[in-house]
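Close look at the chain arrangement
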Amino acid sequence: MPRLSEVIAALDALWPPASAEDWDAVGTVCGDPDQEVSRVLFAVDPVQEIVDEAVKLGADLLVTHHPLYLRGTTTVAASNFKGRVVHTLIKNDIALHVAHTNADRADPGVSDALAGALDLRVVRPLVPDPTDADGRRGLGRVCELDHLLTVREFAARVAKRLPATAQGIRVAGDPEALVRTVAVSGGSGDSLFADVRAAGVDAFLTADLRHHPASEARAHSPLALLDAAHWATEWPWCELAAAQLDEISDRHGWDLRVHVSKTVTDPWNSHSPSPGAPN
């Protein structure tokens with residue numbers, strides 16, 4: 001069995017920590033570099049429900065997309081929920097490793113996984129990484145559909161292919177407009193509207209769209225907007241990442257058992273449509 005330090009070195013090669021945004025907090029949160037790793041669990045959120053799943057599974061390593069401590073802390077006391085997470089992990093000899101914006105920028109990364117889940121052909125990054133001479137890394141992806149769909153049909157595909165959430169898929173735009181090109185960005189993407197407009201795509205799929213940026217984007221152009229749950233747009237990356245680690249394990253003869261959590265950690269758990277609201 002490999003040591004934790006060996007597995008982390010392999011993960012850092014996939015998602016170099018130096019490529020993360022300056023404000024981000026990626027890397028190993030807890031874990032003994034010399035401990036052996038035989039079972040790994042991938043998930044989006046390092047919340048107690050996921051940590052309890054890792055304990056039940058007998059995992060030695062939990063890899064999440066979202067950081068546990070994004071803004072730092074002065075305590076890991078078990079009297080608060082993040083402290084309880086740390087206590088549970090350490091008591092059960094489970095390491096926690098985070099790949100956030102470094103996984104967003106990677107090739108392949110979070111938006112590649114989102115595009116793959118929807119059978120979209122990736123053309124290029126939406127916001128290319130200037131340090132990548134091959135032009136493959138960066139934030140978001142510009143994609144093409146295999147055939148024309150209406151906005152309504154494309155939204156239905158997204159709703160069917162992504163994990164089910166209470167929110168579903170919100171749409172802004174003419175439902176009968178035709179879509180051939182799509183920009184996708186896993187997670188919160190309304191800071192990318194200028195890049196989306198510059199790409200000249202027919203639709204933009206992301207999450208956490210706020211009222212004013214969405215309203216202004218619609219006023220600029222007939223761009224269709226599709227707003228999915230944040231968790232749902234990033235969960236496909238867990239499957240991609242698990243497959244990548246599986247391949248590394250096979251190559252090195254590690255015989256790791258790699259799992260993907262299907263636990264829905266989207267914070268919204270019910271939806272009550274307004275009477276008479278458009279469908």
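Going by the structure above, here's the rest.
Here we summarise the structure given alongside this text. (Residues numbered from 1 in each chain as written. Predicted model: local features only at pLDDT ≥ 70, side-chain atom pairs only at ≥ 80, totals over all residues. Heavy atoms only, no water.)

This paragraph deals with the overall build of the chain. Within the chain, the regular secondary structure consists of nine helices and 11 strands. Computed over its C-alpha atoms, the radius of gyration of the chain comes to 19 Å, within 12% of the 19 Å expected for a compact globule of 279 residues. Over its C-alpha atoms, taken along the principal directions, the chain stretches across nearly 55 × 45 × 30 Å. Scored against the burial criterion, the 279 residues of the chain give a buried share of 49%. In the chain, 66% of the contacts between residues at least 6 apart in sequence involve partners at least 24 apart. Split by element, the accessible area of the chain, about 13600 Å² in all, is 51% carbon and sulfur. If you average the places of the 25 positive and of the 39 negative side-chain charges in the chain, the two averages end up 4 Å apart. (Helix = DSSP H or I, 4+ residues; strand = E, 2+ residues; numbered from the N terminus. Rg over C-alpha atoms; globule rule 2.2 N^0.38 Å. Buried < 20%, exposed > 50% of the residue type's maximum accessible area, 1.4 Å probe, protein only. Contact = heavy atoms within 4.5 Å. Areas by Shrake-Rupley, 256 points an atom, 1.4 Å probe, with all protein chains shown as cover. Lys, Arg positive; Asp, Glu negative; His and termini not counted. Charge placed at Lys NZ, Arg CZ, Asp CG, Glu CD.)

Relative to the elements of secondary structure, Thr263 occurs in the segment after strand 11 (257–260). Separated by 218 residues in sequence, Thr263 and Asp45 have C-alpha atoms that sit 9.9 Å apart. Each residue touching Thr263, except ones within four places of it in the same chain, is listed here: Glu49, Ile50, Glu53 and Trp231. Side-chain polar atoms of Thr263 contact the side chain of Glu53, separated by 2.7 Å. (Polar contact = N/O pair within 3.5 Å; in protein donor to acceptor, adjacent residues only side chain to side chain.)

Okay, the side chain of Asp112 next. With respect to the element layout, Asp112 can be found in helix 5 (residues 110–117). Taking the relative accessible area as the measure of exposure, Asp112 reaches 15% and is therefore buried. When neighbours within four sequence positions are excluded, Asp112 is seen to be in contact with Ala106, Val122 and Arg141.

Now for unusual backbone geometry. With an omega dihedral of -5°, the bond running from Asp107 to Pro108 counts as a cis peptide bond. Summarising the element assignment, Pro108 is placed in the loop between helix 4 (101–105) and helix 5. The phi angle at Asp93 is positive, at roughly 55°, despite the residue not being glycine. Relative to the helices and strands, Asp93 is located in the loop between helix 3 (81–91) and strand 4 (95–98). Owing to a relative accessible area of 55%, Asp93 belongs among the exposed residues under this scheme. Phi at Asp255 takes a positive value of approximately 60°, unusual for a residue other than glycine. Mapped onto the fold, Asp255 is located in the loop between helix 9 (230–252) and strand 11. Exposure remark for Asp255: the relative accessible area of 65% places this residue in the exposed category.

With that settled, consider the nonpolar core. By size, the foremost hydrophobic cluster in this structure holds 52 residues, and its most contacted members are Trp15, Phe42, Leu61 and Trp237. It is helix 9 that contributes the most residues to this core, nine residues altogether. With sequence-adjacent residues up to four places away left out, Trp15 is seen in contact with Phe42, Ala99, Asn102, Ala103, Ala106, Trp237, Ala241 and Gln244. Membership of the second largest hydrophobic core comes to 15 residues, among which are Leu62, Tyr69, Val86 and Ile94. (Core = buried A, V, L, I, M, F, W, Y, C linked by side-chain atoms within 4.5 Å.)

Under the criterion given, the structure shown has one cavity of 30 Å³ or more. Taken together, Ala43, Val44, Asp45, Ile50, Trp231, Trp235, Ser261, Thr263 and Thr265 make up the full set of residues lining the largest cavity. Classifying every residue of the lining of the largest cavity gives five nonpolar, three polar and one charged. (1 Å grid on protein atoms, 1.4 Å probe; cavity = no way out; pocket = protein on both sides within 12 Å on 5 of 7 lines; lining within 4 Å. Points joined across faces, edges and corners; volume = space filled by probe spheres on them. Nonpolar A, V, L, I, M, F, W, Y, C, P; charged D, E, K, R; others polar.)

Now for the sheet that holds strand 7 (residues 170–172). Reading across from one edge, 5-6-8-9-10-7 is the order of the six strands in this open sheet, with mixed pairing throughout. Whereas interior strands pair on both sides, the edge strands pair on one side only; in this sheet they are strand 5 (121–128) and strand 7. Adjacent strand axes in the sheet meet at a mean angle of 25° when their direction is disregarded. Sheet topology places strand 8 (residues 178–188) next to strand 9 (residues 203–207); four bridges connect them, and they run parallel. (Pairing = 2+ DSSP bridges. Axes fitted to C-alpha atoms, helices over the stretch in contact; angles between N-to-C directions.)

Function-wise, these values are silent; they only describe arrangement.
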